[in-house]
Amino acid sequence: MAKVMEGLYYSESHEYVRVEGNIGFIGISDYAQHALGNVVYVDMPEVDDEVAAGEEFGAVESVKAASDLIAPVTGVVVEVNEALEDQPELINSDAYANWIIKVEMSDKSELDNLMDAKAYAAFCEK
């Protein structure tokens, strides 16, 4: 069973957002990393790039598949997780500790469109 963390916001495309003030830490869920298998590459945007909710901002590649990353919120990238450039497998070891990008959110009300942990767990069981 995939781990679902309380206090995060989840999208139907299996990205999560951890919110600290106006900053959203975006990554893929434990469910997503299990489904992908061994992650071998993470394609990330650049700092200062804008991401838009519902739009692609990068990709995660595993030995068996590639999956687009879909932004759960709109904002400007303030940091990328550079550790993933050399060690993309960190996502497999702990998907929630190893976020992919940090964004300064432009509209926190977009979080209302995402699922909480309970709703996401139910969604994953479908």
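The shown structure was predicted, so the numbers you read here are calculated from the model rather than taken from an experiment. (Residues numbered from 1 in each chain as written. Predicted model: local features only at pLDDT ≥ 70, side-chain atom pairs only at ≥ 80, totals over all residues. Heavy atoms only, no water.)

Caption draft 1: View of the sheet that holds strand S8 (residues 75–80). Pairing in this open sheet of six strands is antiparallel, and the strands run S1-S2-S3-S9-S8-S5 from one edge to the other. Since the sheet does not close on itself, it has two edges, and those belong to strand S1 (9–10) and strand S5 (50–51), each with one partner. Looking at chain direction, strand S2 (residues 15–20) and strand S3 (residues 23–28) are connected through six bridges and run antiparallel. Its bridge partner lying in S3, Glu20 is registered against Ile23. (Pairing = 2+ DSSP bridges. Helix = DSSP H or I, 4+ residues; strand = E, 2+ residues; numbered from the N terminus.)

Caption draft 2: Structural context of the nonpolar core. Counting 25 residues, the largest nonpolar core has Ile100 and Ile101 as the members making the most contacts within it. Only S3, helix H1 (30–36), strand S4 (39–43), strand S6 (56–62), S8, helix H3 (90–93) and strand S9 (101–105) provide two or more residues apiece to this core. Examining the composition of this core, we find that three residues originate from one element, S9, more than from any other. Leu8, Tyr16, Tyr96 and Met115 belong to the second-largest nonpolar core, a separate cluster that totals 10 residues. (Core = buried A, V, L, I, M, F, W, Y, C linked by side-chain atoms within 4.5 Å. Buried < 20%, exposed > 50% of the residue type's maximum accessible area, 1.4 Å probe, protein only.)

Caption draft 3: Molecular detail of unusual backbone geometry. Backbone geometry at His14 places phi at a positive 75 degrees, although glycine is not the residue there. Examined against the element boundaries, His14 turns out to sit in the loop between S1 and S2. Positive phi outside glycine occurs at Asp48, with the angle close to 80 degrees. With respect to the helices and strands, the residue Asp48 is situated in the loop between S4 and S5.

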